[in-house]
Amino acid sequence: MGQKLKIAGWISVGALAGALTTVSLQTVARGNMAPLPLEELQQLAAVFGMVKSDYVEPVDEKKLISEAISGMVASLDPHSQYFDKKSFKEFSEGTSGRFVGVGIEISQEDGLVKIVSPIEGSPADRAGLKPNDLITKIDDTAVKGLSLNEAVKRMRGEPKTKVLLTILRKSENRTFPVTIVREEIKTQSVKSKIVEPGYGWIRVSQFQERTVDDFARKIEEMYKQEPQLKGLVLDLRNDPGGLLDAAVALSAAFLPENVTVVTTNGQLEESKFTYKATPQFWRRNSSNDPITRMTAATGGALKKVPLVVLVNEGSASASEIVAGALQDYKRATLMGSQTFGKGSVQTVRQLGPDTALKITTARYYTPNGRAIQAKGIVPEVMLDETENGNVFSALRTREADLEKHLSNGKEAEEKKDPAREKAREEAIKKLEEESKKPVAERRLPEFGSDKDFQLIQALNQLKGLPVKASTTLAERKIEKKED
């Protein structure tokens with residue numbers, strides 16, 4: 001028996017080492033790197049063989065290999081990831097802004113799913129669902145006790161299939177069922193409005209495939225409504241990022257032609273690159289360039305309109321690229337709080353028809369050469385969340401707080417700040433107190449509303465009026481290592 005196991009183990013070594021040697025040859029060709037270590041690969045194959053033969057119950061060998069790959073990639077940094085069939089589909093939906101479902105933006109309230117807004121033209125919109133409606137059941141499953149992700153999964157499905165939602169409409173004091181036929185939903189990542197005569201607000205919540213088209217269309221509509229715009233607020237708060245070409249395009253909408261927007265640098269030659277404010281860096285086909293069309297339609301107004309950019313700890317990656325570029329060229333005043341600090345490039349390499357590897361391949365640098373990674377972008381004017389200060393900002397996690405985060409590459413690691421740790425403890429106590437209040441009283445005002453304190457300060461900045469800057473927020477610095 002022992003001899004059979006030994007033979008089986010060596011066969012595993014041969015198969016695994018052979019496959020990985022092929023990868024090694026490709027790696028050598030791509031980056032002139034050393035071959036993969038055979039001894040360690042033999043250990044990996046030996047462990048695989050022992051788990052397969054000795055574990056208390058049979059294990060799926062495909063699952064074992066998938067989990068081994070996932071663990072290896074996850075050990076690199078928080079953003080590298082192996083996509084199996086399911087996660088690759090979810091990732092693709094996230095970047096495309098398309099999914100099959102009912103078409104609602106949701107949050108959670110008292111354990112139920114609350115409709116924040118039906119997506120315009122979606123099945124939910126056509127069915128008459130309204131903001132503040134509560135979903136109590138999805139088909140035969142009670143929503144109470146489900147996580148928001150679980151509720152979303154139950155509402156999504158295949159096109160042309162039906163889902164039965166039970167709705168509680170408090171404003172009418174009634175509960176009623178609604179049957180909705182699922183279809184492909186195209187999410188809106190851009191919102192805009194004229195907040196008052198002469199001043200506009202445009203919010204980008206994520207950089208997706210349709211973001212550039214939606215942004216250009218919203219700006220054109222805004223200038224038709226208000227041709228003599230005196231100031232604009234670009235709202236990037238809580239924008240987690242997304243597609244790089246979309247960030248370059250949005251930056252270019254405000255900047256002179258052909259200037260550098262962002263540079264990248266990594267181990268591979270192809271990762272050393274400069275992205276400029278020129279259509280070739282974002283145009284996906286020769287017949288569609290929404291930024292050039294918008295610039296012509298508005299007479300280049302966006303290149304010179306007074307601009308404020310709102311950012312916070314939730315502004316990451318692509319949104320930091322836009323903020324950093326506009327700050328470096330002094331094209332805008334940045335207001336809010338220090339951004340997340342995700343200044344690394346992830347490249348998705350497809351491994352098969354429905355699996356892929358998302359791996360960190362480079363770091364981002366602003367036009368002036370500032371590293372974004374683990375530092376972020378620091379606004380010129382620090383703003384509290386509300387008129388009464390920052391309620392929960394100390395609880396928010398930034399890149400530098402994540403385990404195994406990639407270093408800045410230029411400066412030493414950020415050290416734990418005792419004052420910040422104390423602020424976190426105080427914020428936790430506040431959170432416990434706030435949680436005892438009615439939901440309507442403890443929620444921060446919606447971005448873009450007339451009670452949005454930071455937006456009000458941004459408008460004051462554009463008008464030359466006094467701004468209520470924060471007296472407590474300060475840049476989180478990266479300390480230099482001592483020699």
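Since the structure is predicted, the reported quantities are computational estimates derived from the model, not experimental observations.

*Asks:* How do you make sense of the overall build of the protein when you look at a structure like this?
*Replies:* If you tally the helices and strands in the protein, you get 13 helices and 19 strands. Contacts in the protein between residues at least 24 apart in sequence constitute 69% of all its contacts with a sequence separation of at least 6.

*Asks:* Any chance you could explain the packing of aromatic side chains here in plain terms?
*Replies:* The geometry of two aromatic rings is summed up by the distance between their centres and the angle between their planes. Tallying each qualifying case throughout the model produces five aromatic pairs. The interplanar angle of 65° and the centroid separation of 6.1 Å between the aromatic rings of Phe273 and Phe281 together place this pair among those described as edge-to-face. Given a relative accessible area of 16%, Phe281 falls into the buried group. Between Tyr275 and Phe281 the ring centres are 6.1 Å apart and the planes differ by 65°, which places this aromatic pair in the edge-to-face class. By the burial criterion, Tyr275 is buried, and Phe281 matches it. One aromatic cluster in this structure is built from Phe273, Tyr275 and Phe281. Between the NZ or CZ atom of Arg174 and the centre of the ring of Phe176, over which it lies, the distance is 4.1 Å.

*Asks:* I would appreciate a short explanation of the sheet that holds strand 15 (residues 307–311) in the present structure.
*Replies:* Across a sheet, strands are paired by hydrogen bonds formed along the backbone, either parallel or antiparallel in direction. Strand order in the open sheet formed by six strands is 10-11-12-15-16-19, and the pairing between neighbours is mixed. Strands at the two margins of the open sheet, each flanked by one partner only, are strand 10 (190–196) and strand 19 (381–382). Pairing of strand 15 with strand 16 (residues 333–336), which is carried by four bridges, proceeds in the parallel orientation. Looking at strand 16, one finds that Val308 is bridged to Thr333.

*Asks:* Honestly, the environment of Lys162 in this entry has me stumped. Any pointers?
*Replies:* As for its placement among the helices and strands, Lys162 is situated in strand 7 (residues 162–169). A relative accessible area of 61% places Lys162 in the exposed class. Once the C-alpha coordinates of Lys162 and Thr179 are considered, the two residues, 17 residues apart in sequence, prove to be 6.6 Å apart. Leave out the neighbours within four places in its chain, and Lys162 touches Thr179, Ile180, Val181 and Arg182.

*Asks:* Looking at this model, I keep getting lost on the pairing of strand 16. Mind explaining?
*Replies:* Every other side chain in a regular strand lies on the same face of the sheet, so the side chains alternate between the two faces. Assessed by its sense of winding, the connection that carries the chain from strand 15 through helix 10 (residues 318–328) to strand 16 is right-handed. Two strands pair when backbone bridges link them, and strand 16 and strand 19 are joined in this way by two bridges, in the parallel orientation. Bridging from a neighbouring strand, Gly336 pairs with Met382 of strand 19.

*Asks:* Where do I start with the nonpolar core in this structure?
*Replies:* Generally speaking, nonpolar side chains in soluble globular proteins are found buried as a group. Formed by 53 residues in total, the largest nonpolar core has its most connected members in Phe215, Leu232, Leu234 and Leu302. No other element matches the nine residues that helix 8 (residues 244–254) contributes to this core. Those residues within four positions of Leu232 in sequence are excluded, and the remaining contacts are Gly200, Trp201, Ile202, Ile219, Met222, Phe254, Leu302, Val305, Pro306, Leu307, Val308 and Leu462. Grouped together as the second largest cluster of nonpolar side chains are 17 residues, Val102, Val143, Val163 and Ile167 included.

*Asks:* Mind showing me how you'd approach the environment of Asp213 here?
*Replies:* Tracing the chain through its elements places Asp213 in helix 7 (residues 211–225). Since its relative accessible area comes to 29%, Asp213 is described here as partly exposed. For the pair Asp213 and Asp289, spaced 76 residues apart in sequence, the C-alpha to C-alpha distance is 8.4 Å. Contacts of Asp213, omitting those with residues within four sequence positions, involve Asn288, Pro290 and Arg293.

*Asks:* Sorry, what's going on with the pattern of salt bridges here?
*Replies:* Oppositely charged side chains can form a pair if their charged atoms are brought close together. If you walk through the whole model with that rule in mind, you get 17 salt bridges. Asp214 is the salt-bridge partner of Arg217, the closest N and O atoms lying 3.2 Å from each other. Here Arg217 and its partner Asp214 are both found in helix 7, three residues apart, which amounts to about one turn of the helix. When its relative accessible area of 3% is taken as the criterion, Asp214 is described as buried. Through salt bridges with shared partners, one network takes in Lys130, Asp133, Arg169, Glu172 and Arg174.

*Asks:* Just to check I follow, could you spell out the side chain of Asp328 for this structure?
*Replies:* Take Asp328: it is sitting in helix 10. Note on Asp328: relative accessible area 11%, which makes it buried. When sequence neighbours within four positions are dropped, the list of residues in contact with Asp328 reads Thr366, Pro367, Asn368 and Arg370.

*Asks:* How do you make sense of helix 10 when you look at a structure like this?
*Replies:* Helical geometry: 3.6 residues make up each α-helical turn, so side chains three or four residues apart lie on a common side. Burial of helix 10 is extensive: 11 of the 11 residues sit out of reach of the surface. Regarding helix 10, the residues found buried are Ala318, Ser319, Glu320, Ile321, Val322, Ala323, Gly324, Ala325, Leu326, Gln327 and Asp328. Packing partners of the buried residues in helix 10 comprise strand 12 (231–235), helix 8, strand 13 (260–265), strand 15, strand 16 and strand 18 (356–365). The first or second residue beyond helix 10 is Lys330, which carries a positive phi of 55°.

*Asks:* Can you help me understand the environment of Lys114 in this one?
*Replies:* Residue placement: Lys114 occurs in strand 4 (residues 112–118). Under the relative-accessibility criterion, Lys114 is labelled buried at 11%. A C-alpha to C-alpha distance of 7.9 Å links Lys114 and Pro131, two positions 17 residues apart in sequence.

*Asks:* So what exactly am I meant to see when it comes to the confidence of the model for the protein here?
*Replies:* Residues shown with low pLDDT carry predicted positions that ought not to be read at fine detail. Put simply, the protein has an average pLDDT of 82, and 79% of its residues get 70 or more. Between residues 1–31, whose pLDDT stays under 50, and residues either more than four places distant or in other chains, the model counts 25 contacts. Under a pLDDT of 50 for its full length, residues 479–483 has, in the predicted model, six contacts with residues more than four places off or in other chains.

*Asks:* I'm lost on the pairing of strand 17 (residues 344–350) in this one. Help?
*Replies:* As defined by bridge partners, strand 17 adjoins strand 18 across seven bridges and the pair is classed as antiparallel. The partner of Thr347 across the bridge, within strand 18, is Ile359. In this antiparallel pair of consecutive strands, strand 17 and strand 18, the connection spans five residues.

*Asks:* Mind showing me how you'd approach the packing of helix 7 against helix 9 (residues 290–297) here?
*Replies:* Helix-helix packing is described using two parameters, namely the angle between the two axes and the distance between the axes. Put simply, helix 7 and helix 9 touch, their axes get as near as 9 Å, and they point 5° apart. It follows that helix 7 is roughly parallel to helix 9 by the angle criterion. Across from Val212, Asp213, Phe215, Ala216, Arg217, Ile219 and Glu220 in helix 7, the residues of helix 9 making contact are Pro290, Ile291, Arg293, Met294 and Ala297. A class-by-class count of the residues in the contact of helix 7 with helix 9 yields eight nonpolar, no polar and four charged.

About the cut-offs
Residues numbered from 1 in each chain as written. Predicted model: local features only at pLDDT ≥ 70, side-chain atom pairs only at ≥ 80, totals over all residues. Heavy atoms only, no water. Helix = DSSP H or I, 4+ residues; strand = E, 2+ residues; numbered from the N terminus. Contact = heavy atoms within 4.5 Å. Phe/Tyr/Trp six-rings, centres within 6.5 Å; stacked < 30°, edge-to-face > 60°. Buried < 20%, exposed > 50% of the residue type's maximum accessible area, 1.4 Å probe, protein only. Lys NZ or Arg CZ within 6 Å of the ring centre and 35° of its normal. Pairing = 2+ DSSP bridges. Right-handed = clockwise from strand over helix to strand, strands pointing away. Core = buried A, V, L, I, M, F, W, Y, C linked by side-chain atoms within 4.5 Å. Salt bridge = Lys/Arg side-chain N within 4 Å of Asp/Glu carboxyl O. pLDDT = per-residue confidence, 0-100. Axes fitted to C-alpha atoms, helices over the stretch in contact; angles between N-to-C directions. Parallel < 35°, antiparallel > 145°, perpendicular 65-115°, else oblique. Nonpolar A, V, L, I, M, F, W, Y, C, P; charged D, E, K, R; others polar.

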